[in-house]
Amino acid sequence: MENFAVGKPTPLLDGQAKVSGQTRYVGDLKMRGMLHARLVVSVYAHANVKRIDTSEALAVSGVHSVITAADLPYVTPSSRNKLMLARDRVLFVGHPIAVVLAETEAAAADAAEKVHIDYEPLAAVVTMDEAMAEDAPIIWPTGVPSGAGDEGAHGADVGGDEKGTDKKTHSNIADVAQSSRGDVEKALAEADLILEHTYTTPMVHQSSIETQGVMAQPDSITGGVTMWVSTQTPFGIRNDVAGVIGVPESDVRVHAAPVGGAFGAKFGLYEPLVALLAKAVGRTVRLILTRNEELLTTNPAPPMRVDAKIGLKTDGTLTAIDIHVTLDSGIYPSGLGSFSAYMMTSFYPVSNYRTIATNVVTNKQSDGAYRAPTAPTVIFVLDTLLDEAAEKLGINPLELKMKNCAKPGDLLANDKPWPKMGMQETIEQVKAHPLWQKRNNGKAKGHGIGMAVGGWMGGIEPGAAVCKLNRDGILQVQTGSADLTGVHTVFGQLAAEAFGIAPDKVRVVYSDTDSAPYAGGVGGSKTLYTMGSAVVRAAQEARKQVLEIAAEEFEAAVDDLEIVDGKVQVKGVPEKTIELGAIASKAMTFGGKYPPIHANGRQAITAQSPGFAAQIAEVAVDEETGEVRVVNLVIIQDVGKAINPLIVEGQIQGGAVQGIGWALYEQMHYDESGQLLSGSWMDYTVPDAVQAAPLETILIEIPSDAGPFGAKGVGEPPVIPTAAAIANAIADATGARLTDLPMTAPRVLQALTDKSS
Amino acid sequence: MWPKEFDYVRASSVDDAIQQTSDNTDAKILAGGHSLLPAMKLRLSEPGKLVDISRLADLKGISANGTLSIGAMSTHAEIAASADVQQYCASLATACGMVGDHQVRNFGTLGGNIAHADPASDPPTVLVAAGATIHIKRSRGERSVSAEDFFIDLFTTDLEDGEVITRIEVPNLSGHKAAYVKMPHPASRYAIVGVAVILEMDGDTCKSARVAVGGATVSAMRASGAESALSGSSLDDAALNAAASAVQSDISDALMGDVSYPESYRQAMSGVYLKRAVKAALG
C-alpha cells in the first residue's frame, strides 16, 4: 500500500528554515542573564600546571568569573566527557584548564587571553610508536581509564603521590585484543600469493559546519539543569549530565537544538562541564566552540596503522588474513581497534585469520566516532589488497571480490552468520555499470577506474514514539530523536503511510527529554530502522483508535471502515463520512464519551540489517604534480527501501564526498611536541564543490525484515569504500599502489617516483 | 571570534590617513579588510585603531595612458573585470580573479593585498614579473619602489609606518606573451606555488623573459636564472627544462612550505609550473 508518502521524494522539513537563515541554533539562543563561556586551554601536550593567575582576567570589564577546577566539584575523569577542567596536569594541547564567564562574548575572549598559567612541561608521547616505546612517559600512571568510575582515571589529577608509580606495571597500551580462526601460518605457507603491506590512516575531523554548542540553565530548587544542546543524543546527554552533577536524571531536561552537522562528533562532550559551570554560578551559561577549538579539543577519528598480510590461491580464493591494527586513541581509549579487526575478518569470510588490535593512548585529544568509525580504514586495507591480488593473479578485481565477499549465512568473525544483506548484489551492479565497463575500453589518458565495496552492520536501540490527532485533523508525531539527516521528514512520511493520510496532514515535533518517550541517539545508521518502526506502530495504533470511535458513530465494524482523503467512511460508501478532525473533537470536548487519540509505538528490534555500498571511481592523475582529481564517482547502495529517495540520495552523496576527503585531503597534523598544525580550515581541507566529483547514486532495495517498509540504515555505508575505490583507480591509472591516507599530491608524486625508480 | 576592542575612523583624505597613522603607531590602515579583520579576529593582529581609507576617491580608479595606473583601493573584482587591465597586463586580471572568493574579490583591494604581503597570494607574483611600480605617499611627500624591491619577506614589505600606497603602476605589456598559473592549496586556494612569466617574443624566439614565483617562497620574487634560460631560446623542451631547473635554484634560499606541501615539493612544482606558465603564455 504505498499510496501516500513512502517512496516519494520529499523535501526536508527543516530545509527552508536552514537555507533561509531562520533556524535558531544554540549559538542563536539567548537567555536573560546568560553568561558566555570561553575556554582557556593547554598549550602543552603534557605538563604540570603550577599556578593559574586569573587576576588580570577578572579585571576585564564584563567578566563575571574565571572558573578553575578548584571551583568545581571533583569528577573522576574516566572518559572524555568527564574530563572537566585540568587539576594539576594537562594531557594534551587543547586540554581545558579554566573557563572565563562573561556578560559578552568579546569580554570572555579578551579575558581568556589574560589568564596566565605557569606550566612545568613534561615529556609527551605524541605518536603511537612513542607511546609504545620501552621507556615512554606514562600518560596514566595508575592505569588507563576504560570507562565510568575507573580507578585508573584518577591519574588525570595526579599530584605528588603518584610520582613513585612503577611504570613497568602500566603502559600507554590501553588494551590488546586477539582473535583467530583456523591456522593462519599453515594457510599462508600453502598460499600461492601472499601480499603484505603496512597501511596508515590519519586523524580525521568530522568538521561539521556548526561547532559544538551547549547552553545550561540551572534550577536552584531541584539542583538540576535545563539544557539546549547541539547533539545527536539528548537522552544520552541527560544521563551523562545527571551522573556528573549528581542529580537524578529526571532533574535534567535536555532540548536537542537544531543541529548543523554532527557525523558522530556530537555524542556528548562539554555538556557536563557546562552544567557544572551553570550550577557553580547560578546563571545560564552558554559555550560555543570556535573553529580552532573545534579542531583542537573535541573527538575526531583516530589515527590507525594496519600491518596486513593476506594469502590467496591462484584461483583467487582468499585463504588467510593476518592483521595487526594499532589505533591511537588520544588520551582516552575508544576501544575501536578490536571492532575494526572484527570488520576486517568479516567482510571477506576466510577459514584462517588472526587479528591483534592494540589501542594506545597518546597526549592528543581523545578520539570519537566519525561516520562508520574505522570502516573507511578497514576497507581501504582490504579492498586495495584484494585489488592488488587480482592484478597479480590476472583476475578481474570485481570477480575476485565477488568470489570472496560475504553472503547471507557466511560466518562473521565471531562465527555468527551474516544476516540478510546485499554485498554481492551491489558488486553485481558495478559489473553492469558503463563506467566500470569503460575500465578496459575507452579511458582517457591518465585516467583510471577502480571499485570497492564496504558495509555497516547497522545499529539498534530501543525507542518509542507518540501519535496524537488534533481537532484540525492533523496527526502529530512526537519523538525524542534529534532532527538530523532528515529523520523528522521521514518520520512524517512513515506516519502518513501507516495512518493513511496525506503527508501534509502530519506534523512531526521534536520533544525534549521530559516530554518525549525514549529515543536512542541519531547515529549508527539506526534511526529510521528502529525509531521509524516505533513511529509506524504509533501511527497504526492511532488509526485503530480513530476507527474504533468511527465504528461506534457509524454503528459499523472497524474492519469495514477506511480512511479516505482525511475522512473515515464505510468501505465503498463515500456518501457518509466523518472528518478526522471531527473524530478528534469528539474525544477532546467537555462531556465527551471517547478518549483522546493518543497512541504509543514502541520497538526493541534486535536484528541488525547490514547495509552495503559499492563505488566506482574514475580519477585523473596529473603525473607531473601527483594531483588526483575524481572525475566520476558512482555509488551503488542497498538501502532496503528508500522511504524518501531525495534524502537518501543526499545522504549518500554527502558520505561519498566525505570519502573523497578521507581519500585525498583530510589529515589532522601534529608536530613532534604535540601541537596541532592544522587548526583551521585554511590548513585542514574539507572537500567542497571544487573537490567533489560528479556523483551518480544508484539505489538498490533488498528489503530488511525488521525495518519500516523494508528500510535499513543508510548513513554509514557511503563513506566506507570511497578511499579504497579511489586508491584502486589511482593504481589503474598509474600502477602505483598507495598505502597511506590521504593520498595527497606530494604522496602520489612520491609513489610515482618510487615506482619508476 | 572576537577581535580586541579597537577604535575606527574613516579618513577624510590620504593626508588625513597619513597623519592619523603617523601620530599613532598602534593604528593600522584599513583597506578592504579581508586580510586584516580575520587576523584581528584570530588575535594575530591587535591594532588599537583602524583608519579606513577604502572610500577615498583619490585611491580608486583604473586608467591606461601609456602605463596602467591602478588606484590602491581598486578591488580585485574591478581589476579582474577591467578592459584596461586586460589589455595592458591580462595576467594581472587573471591573478586578481583567482584571489579568495567572490566576497573577498568584491571587498579586497590590490593596495591592501600587497601591503599585507601574504607570500601565497596571487597578485604580488604578477606585479613582480610585470615590473610594476608601487607609488607611496607619506608626510614628507611621495616615493615609489619597484614591486621587486617592495616585497621583502613573509608579510613584510618596504612600506613604513605613516605611509599609504596610492597606486600601482604597470607597464604596457600588451605586446608580450604572459601568463600566471598556480597550484591552489585545496583548503585555502592560496598558491602552493604560483608562477608568472612575461615573454617578449621575436617570432619564435624569446627575446627576453621575466619570471616571478610566489607561494613556494617567503615572498613573491624574481627568478633570474629561469629568465636567462628562457631568454634567447626558442622555448623548446630543452630550454623549458633548463628554465625549470633554474627556477628551482633561483628560489632555493627563499623556500616556504607546510606539513602537507613541504618545501621540497613546492620547489619541484615551481619547475613544473614554470613550464606550464610558458605554455599558457604562448597559448
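Residues numbered from 1 in each chain as written. Chains lettered and ligands numbered in written order. Predicted model: local features only at pLDDT ≥ 70, side-chain atom pairs only at ≥ 80, totals over all residues.

A. Representation of the overall build of chain B in the model. For chain B, the count of helices and strands is 11 helices and 14 strands. A compact globule built from 283 residues should have a C-alpha radius of gyration of about 19 Å, and chain B, at 19 Å, falls within 12% of that. Across its three principal directions, the C-alpha atoms of chain B cover 60 × 45 × 35 Å. Taking all 283 residues of chain B together, the buried fraction comes to 53%. (Helix = DSSP H or I, 4+ residues; strand = E, 2+ residues; numbered from the N terminus. Rg over C-alpha atoms; globule rule 2.2 N^0.38 Å. Buried ≥ 20, exposed ≤ 12 C-beta atoms within 10 Å, placed from the backbone.)

B. Looking closely at helix α4 (residues 83-98) of chain B. All names here are of chain B. With 16 residues, α4 ought to run about 22 Å at 1.5 Å a step, yet its terminal C-alpha atoms sit only 17 Å apart, falling short of that. Along α4, the largest kink reaches about 125° and is centred on Cys89. Trailing α4 by a residue or two, Gly100 shows a phi angle of about 45°, which is positive. (Expected span 1.5 Å × (residues − 1). Bend = angle between axes of the 7 residues up to and from the residue.)

C. The arrangement of the sheet that holds strand β13 (residues 205-214) of chain B in detail. All names here are of chain B. In spatial order, the strands read β11-β12-β13-β14; together these four strands make up an open sheet with antiparallel pairing. Each edge of the open sheet is held by one strand with a lone partner, namely β11 (177-184) and β14 (221-222). With eight bridges connecting them, β11 and strand β12 (residues 191-202) associate as antiparallel partners. Pairing of Ala179 across the sheet is with Val197, part of β12. Here helix α11 (residues 263-282) sits on the sheet in contact with β11, β12 and β13, set at roughly 40° to β12. (Pairing = 2+ DSSP bridges. Contact = placed C-beta atoms within 7 Å. Axes fitted to C-alpha atoms, helices over the stretch in contact; angles between N-to-C directions.)

D. Local environment of the interface of chain A and chain B. Contact residues are listed per partner, giving 19 residues for chain A and 15 residues for chain B. Here the element with the most residues in the side of chain A that touches chain B is helix α3 (residues 105-112) of chain A; it accounts for four residues. Residue composition of the side of chain A that touches chain B, by class: eight nonpolar, six polar and five charged. (Nonpolar A, V, L, I, M, F, W, Y, C, P; charged D, E, K, R; others polar.)

E. Structural context of the domain arrangement of chain A. The domain architecture assigned to chain A consists of domain 1 (35-122 + 137-171), domain 2 (212-288), domain 3 (374-457 + 608-756) and domain 4 (460-603). For domain 1 of chain A versus domain 3 of chain A, the separation of C-alpha centres amounts to 40 Å. (Domains from an automatic or database assignment.)

F. The arrangement of the domain arrangement of chain B in detail. Residue and element names in this part refer to chain B. Under the domain assignment, chain B is made up of domain 1 (7-52), domain 2 (60-170) and domain 3 (177-282). The distance between the C-alpha centroids of domain 1 and domain 2 comes to 18 Å. Considering each element in turn, the side of domain 1 that touches domain 2 owes the most residues, five residues, to helix α1 (residues 14-22). For the side of domain 1 that touches domain 2, the residue count by class is five nonpolar, seven polar and no charged.

G. The arrangement of the pairing of strand β1 (residues 35-41) of chain A in detail. All names here are of chain A. When you tally the buried positions in β1, you get seven out of seven residues, the bulk of the element. Residues Leu35, Ala37, Leu39 and Val41 of β1 are buried on one face, and the alternating residues His36, Arg38 and Val40, pointing to the opposite face, are buried as well. Pairing geometry for β1 and strand β12 (residues 285-288), over three bridges, is parallel. Pairing of Ala37 across the sheet is with Leu287, part of β12. Where β1 and strand β5 (residues 96-102) come together, six bridges link them in antiparallel fashion. The residue bridging Leu39 from the neighbouring strand is Val99, located in β5.

H. Seen up close, the confidence of the model for chain B. In the predicted model, chain B carries a mean pLDDT of 97, and the fraction of residues at 70 or more is 100%. Overall fold confidence (pTM) sits at 0.96, and the ipTM for the predicted complex is 0.96. (pLDDT = per-residue confidence, 0-100.)

I. Region of the structure containing the sheet that holds strand β3 (residues 63-68) of chain A. Residues and elements named next belong to chain A. With mixed pairing, the seven strands of this open sheet are ordered in space as β3-β5-β1-β12-β9-β10-β11. The open sheet has two free edges, formed respectively by β3 and β11 (252-256), since each of these has just one partner strand. Across this sheet, the average inter-strand angle for adjacent strands is 20°, counted without regard to direction. Running over the sheet, α3 touches β1, β3 and β5 and is turned about 20° from β1.

J. Broad picture of the nonpolar core. Residues and elements named next belong to chain A. With 244 residues, the main nonpolar core has Val100, Met227, Val274, Ala495, Val535, Ile726 and Ile730 as its most contacted residues. Looking at which element gives the most residues to this core, the answer is helix α15 (residues 527-554), with 13 residues. When sequence neighbours within four positions are dropped, the list of residues in contact with Met227 reads Val214, Met215, Ala216, Ile237, Val241, Val254, His255, Glu271 and Ala275. (Core = buried A, V, L, I, M, F, W, Y, C linked by C-beta atoms within 7 Å.)

K. Seen up close, unusual backbone geometry. Omega for the bond connecting Leu741 of chain A with Pro742 of chain A falls within 30 degrees of zero, at -5°, which places this linkage in the cis form. Topologically, Pro742 of chain A is positioned in the loop between α18 (722-734) and α19 (745-756). Residue Met84 of chain A is not a glycine yet carries a positive backbone phi of 50°. Note that Met84 of chain A resides in the loop between β3 and β4 (89-90). Of note, Leu235 of chain B is a non-glycine position whose phi angle comes to about 60°, a positive value. With respect to the helices and strands, the residue Leu235 of chain B is situated in the loop between α9 (224-230) and α10 (237-250). Using a count of 21 C-beta atoms within 10 Å as the deciding quantity, one classes Leu235 of chain B as buried.

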